[in-house]
Amino acid sequence: MLSITIGTRHQNINCNSYIWRQNKKTMSKDKKGVYTGIIEKDEQGNFFCGEYLLDYQYTVASFIVGDEINIKSVIANPSDKSYNQYPKKSRNFFLANDKK
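Residues numbered from 1 in each chain as written. Predicted model: local features only at pLDDT ≥ 70, side-chain atom pairs only at ≥ 80, totals over all residues. Heavy atoms only, no water.

The pairing of strands in a sheet happens through backbone hydrogen bonds and is either parallel or antiparallel. Pairing is mixed across the open sheet formed by 6 strands, whose spatial order is S1-S5-S6-S4-S3-S2. Looking at strand neighbours, the two that pair on one side only are strand S1 (35-38) and strand S2 (40-41), the edges of this open sheet. (Pairing = 2+ DSSP bridges. Helix = DSSP H or I, 4+ residues; strand = E, 2+ residues; numbered from the N terminus.)

What follows concerns the pattern of salt bridges. The tally for this structure, following the rule as stated, stands at 3 salt bridges. Across the pair Lys89 and Asp55 runs a salt bridge, and its minimum N-O distance is 3.7 Å. Of this pair, Lys89 sits in strand S6 (residues 88-95) while Asp55 sits in the loop between strand S4 (52-54) and helix H2 (56-62), and the two are 34 residues apart along the sequence. Here Lys89 and Asp55 have matching classes, each one buried. Accessibility expressed as a relative area gives 10% for Asp55, which makes it buried. Within the structure, one salt-bridge network assembled from shared partners comprises Asp55, Lys89 and Arg91. (Salt bridge = Lys/Arg side-chain N within 4 Å of Asp/Glu carboxyl O. Buried < 20%, exposed > 50% of the residue type's maximum accessible area, 1.4 Å probe, protein only.)

As a further point, take the environment of Phe47. Relative to the elements of secondary structure, Phe47 occurs in strand S3 (residues 47-49). A relative accessible area of 7% means that Phe47 is categorised as buried. When the C-alpha atoms of Phe47 and Gln57 are compared, they prove to be 9.8 Å apart, with 10 residues separating the residues in sequence. Each residue touching Phe47, except ones within four places of it in the same chain, is listed here: Ile39, Glu40, Lys41, Tyr52, Leu53, Leu54, Tyr56, Thr59, Val60 and Val65. (Contact = heavy atoms within 4.5 Å.)

The next point concerns the side chain of Thr59. For Thr59, the position within the fold is in helix H2. For Thr59, a relative accessible area of 1% puts it in the buried group. A polar contact of 2.6 Å, which involves the side chain of Thr59, links it to the backbone oxygen of Asp55. (Polar contact = N/O pair within 3.5 Å; in protein donor to acceptor, adjacent residues only side chain to side chain.)

Below, the structure written as structure tokens:
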């Protein structure tokens, strides 16, 4: 985190408060996510949405096939088994109509 000390401690707190408010505005714009689509399941039992592999345990615990979701972030798929089919993976997604 950037912290600028200018004069008094009070000014430093105001600067950090400003940075936090700016980050909060950016985060609210990111609500739409990286991708919106429908959860599907392939022949190998993998859950996916578009080109993205979904975290298996999180999907089983919280969603069903056919749910519309928003994917907030993706990482490189660490699995050697499914990397060729799904090079990107997400464990950070939510129901598309959910207002979280």
